[in-house]
Amino acid sequence: MSTPRASGDAEQITARDRVEQLRAEILRHNHLYHAQNSPEISDADFDALFAELQRLEADFPELASSDSPTQTVGAPPGRTFAVVEHRRRMLSLGNAFDAEELRGWQQRAADLLDREEWAFVTEPKIDGLAIALVYERGRLVQAATRGDGRAGEDVTANLRAIEAVPNELEGDPPPLFEVRGEVYMPKAGFDAMNAEIALANEERLAEGRAALTLYANPRNAAAGSVRQKDASVTATRPLNIGIYQLGWCDEAITPDTHWETLGWLSEFGFLTTPEAARHDDIDNALTACERWTERRDTQAFEMDGVVVKVDDLGLQADLGIVGREPRWAIAWKFPPQEASTVVERILVNVGRTGTINPYARLRPVRVGGVQVTNATLHNLDDIHRKDIREGDTVVIRRAGEVIPQVVRPVLERRPESSVPWTMPATCPVCGFDTVRDADDAMHYCSNRSCPAILQRSLEHFASRGAMDIRGLGERQIALLLQLELVHDAADIYTLPGKREVLGRIPSLGQKVKRGGEEMYEAGKRIENLLGAIEASKSRGLAYLLVGLGIRHVGGENATLLAEEFGSLDAILLAPREALADVDGVGPIIAQSIVDWAMDGEHWSLVHRLQAAGVEDEIQRTDEEPVETPLEGNRFVLTGRFAEMTRPEAEARLKSLGAGVGSSVSKNTTALFAGDAAGSKRKKAEALGLPIWDEDRLVTVLQDPSLVSVWLTEAEPSEAI
Ligand code: IVH
């Protein structure tokens, strides 16, 4: 590879152009991000531009310039607030994207310090905005934003309005000092605030006023809330603060380490960064970073990394600053959760209640370490409000396990030919017309027998939040519908009578060889499925109610309804007012239940479920005490039983009050072992637990009192 210095003029000219282009772009994006709170590109894309500029400036030192964005931080302060000069510059942080980079940073420090090991502190890198707070004689006298690092905006009145920021300190603080921290908006507060804005917008639009823009993320929301001209608005915003540093202090009474400083500051009433931890060496600091990467979503606030800091303040001073970054701290960055990509198509699928759900088919992109190809788009209004079109470059975001969201389009990259998206006039599955429901802004398929609705309803019925029929997933349901083995949820309970037919389906059955011929018959998979179907019968009223898929009826209100009315019939026959009167239910859910019960087809489904033996009444333990003679016992079942399936046996033991576990431990009362019992039996033997056969299982279900007899019998032999 030729060195850049040795390359010709032509290359330098292009490098110069690119450097200028990058600087202009970065400054513009910086302004959009910091001053306007309305970024156009993702953080990851911004980091890439920044890294490219850094690389070019390193390769072509003659192009370096002191006013390059690589030498300054953020955007210069805006116009609306007074300017505050920082007594000590507010710095930025270098990044480490992997273990090698983190170790490289530590090694460079080790070379400078001429020592190998020392302690570190790790803290969450909170995604908010940096604030410097000056306290004089225990009172907050000035608060400033970071601005460009040298001067920021005076936001004292706004910070005084934030409850988490102490106006008066406790204890015995130094007479004059500055602390620095991150003001942020917790995720829950952010969601609630955006929901409020959306609600206010409905009113504004109805009155012909312009809608307020929703905040794109908690960071922008925090920044926007702090930079309010009217501090009383700031006061209403759900803001919090994490103090992470002592900026400066006139008295030399401060602790010697960063770790002690955090403790010291909290004595004055400051909320320091949560979950800070001290580590003896870089290996342990790295382990902490890796752990954070796995649990980044567990915090109430958004984190964009972990800050690793040299603990000893003397060492920090020795290491000093280079450019805009200290050598004594670095940001361990998480893989980005935002990225930009292209919306190739906007497609729709049909939901359980017949909703037509639009989603974006994306050019594949990695977000937060996961390859993403689809993102939800909610409904037509949402698409129009965000103005997302096919062909658009969009910013997408993944938060936790949640399906990725399209945040916004990048309007500058919109193709000229682009047109607003429209909802298809017909259902993509059955071809019936789509209709819009004025109540909830959703479009629906007008065919109530749409095959997609059936498929989704059965998936919902069998799902874990409802009847929990393991082994009956999307694929199996599609197959059963296609073969016309089921037509609705009640048909699921006819499957145990169709064991043979099911066995012959290659993807369900078990391959066997008979007389040189390969064929399929009912095997373990089908037995498990039928067992799960059987067990689901005693899942209980609340889950059954959820499984029916009545609009708005979910886990929580289903439980309330079950407890209040006691049986499915009572719920479905209750007058609307009685339903609405239940705490936590209300008129919308009540109406939806009444509407559902008006439909004769739904009653035939209910009757067939009841006839199949699906439990549709609450088992009241207080009113009519159900006998639970096996209470206090905990059994584990293993192997195959001839008389009944394992799930069935488990359900029956549970109904007698026993606990049923999946693994053997010293708390297990006894192991019921059928044929071909394996490792559980060995473990039970090793623990000296009673091991009982199928005969005993059948007997105990008839006469549970025998358990205590057998247990006392077992003791003497165990004692030998
Ligand atoms: S220490 C000299 N600790 O990240 C470095 N910063 O990219 C001083 N930030 O400007 C910063 N959480 O706004 C530090 N626990 C934390 C932080 C944190 C968030 C922000 C801060 C800083 C930026 C640097």
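Look above for the structure.
Residues numbered from 1 in each chain as written. Predicted model: local features only at pLDDT ≥ 70, side-chain atom pairs only at ≥ 80, totals over all residues. Heavy atoms only, no water.

Here we look at the sheet that holds strand β3 (residues 120–126)
Piece 1. As summarised here, the arrangement of the 5 strands in space is β2-β13-β10-β3-β9, forming an open sheet in which the pairing is mixed. Each of the sheet's edge strands pairs with one partner strand only, and the pair in question is β2 (94–96) and β9 (277–279). Sheet twist, expressed as the mean angle between neighbouring strand axes with direction ignored, is 35°.
Piece 2. Alignment of β2 against strand β13 (residues 329–333), held across 3 bridges, turns out to be parallel. Each residue of the ladder has a partner; that of N95, found in β13, is A331.
Piece 3. Each of β3, β9, β10 (303–310) and β13 is contacted by helix α9 (residues 282–294), which is oriented at about 20° to β3, the strand it contacts most. (Pairing = 2+ DSSP bridges. Helix = DSSP H or I, 4+ residues; strand = E, 2+ residues; numbered from the N terminus. Axes fitted to C-alpha atoms, helices over the stretch in contact; angles between N-to-C directions. Contact = heavy atoms within 4.5 Å.)

Some thoughts on the pairing of strand β25 (residues 670–673)
Piece 1. Alternating residues of β25 divide into A670 and F672 and L671 and A673, and every residue in both groups is buried.
Piece 2. Across 4 bridges, the pairing between strand β23 (residues 634–638) and β25 is parallel. For L637, the partnering residue across the bridge sits in β25 and is F672.
Piece 3. In this sheet, strand β26 (residues 691–692) lies alongside β25 in parallel orientation, the contact comprising 2 bridges. Its bridge partner lying in β26, L671 is registered against I691.
Piece 4. As a crossover connection, the stretch from β25 through helix α23 (residues 679–687) into β26 is right-handed. (Buried < 20%, exposed > 50% of the residue type's maximum accessible area, 1.4 Å probe, protein only. Right-handed = clockwise from strand over helix to strand, strands pointing away.)

Side note on unusual backbone geometry
Trans peptide bonds make up the majority, and among non-glycine residues the majority have a negative phi.
Piece 1. The backbone of E275 sits at a positive phi, close to 60°, despite the residue not being glycine.
Piece 2. Note on placement: E275 falls in the loop between α8 (258–267) and β9.
Piece 3. Even without being a glycine, H552 presents a positive backbone phi close to 70°.
Piece 4. With respect to the helices and strands, H552 occurs in the loop between α16 (541–547) and α17 (555–565).

Description of the site of the ligand
Piece 1. Not every one of the 16 residues close to the ligand is listed here, only the nearest: E123, P124, I126, E182 and K309.
Piece 2. E123 is positioned such that a nitrogen or oxygen atom in its side chain is 2.9 Å from a nitrogen atom of the ligand.
Piece 3. Y244 has a polar side-chain atom sitting 3.5 Å from an oxygen atom of the ligand.
Piece 4. Protein chains shield 94% of the accessible area of the ligand, which is 510 Å² for the free molecule.
Piece 5. Of all elements in the fold, only β3, β8 (240–249) and β10 reach the threshold of two or more residues within the shell around the ligand.
Piece 6. Considering only residue class, the shell around the ligand consists of 9 nonpolar, 2 polar and 5 charged. (Near = heavy atom within 4 Å. Polar contact = N/O pair within 3.5 Å; in protein donor to acceptor, adjacent residues only side chain to side chain. Areas by Shrake-Rupley, 256 points an atom, 1.4 Å probe, with all protein chains shown as cover. Nonpolar A, V, L, I, M, F, W, Y, C, P; charged D, E, K, R; others polar.)

Side note on the sheet that holds β23
Piece 1. The sheet built from 4 strands is open, its strands ordered β24-β23-β25-β26 with parallel pairing. Only two strands of the sheet have a single partner each, and these edge strands are β24 (659–661) and β26.
Piece 2. Relative to the sheet, α23 contacts β23, β25 and β26, its axis offset from that of β25 by approximately 145°.

Section: the layout of surface pockets
Piece 1. As a volume, the second largest pocket reaches approximately 1,900 Å³.
Piece 2. As for the second largest pocket, its lining consists of 50 residues, of which N194, L214, Y215, R385 and K386 are closest to the centre.
Piece 3. Of all the secondary structure elements, the ones that give two or more residues to the lining of the second largest pocket are α1 (9–35), α5 (187–206), α6 (218–226), α11 (380–386) and β18 (405–409).
Piece 4. It is α5 that provides the largest number of residues to the lining of the second largest pocket, a total of 10 residues.
Piece 5. Tallied by class, the residues present in the lining of the second largest pocket amount to 24 nonpolar, 10 polar and 16 charged. (1 Å grid on protein atoms, 1.4 Å probe; cavity = no way out; pocket = protein on both sides within 12 Å on 5 of 7 lines; lining within 4 Å. Points joined across faces, edges and corners; volume = space filled by probe spheres on them.)

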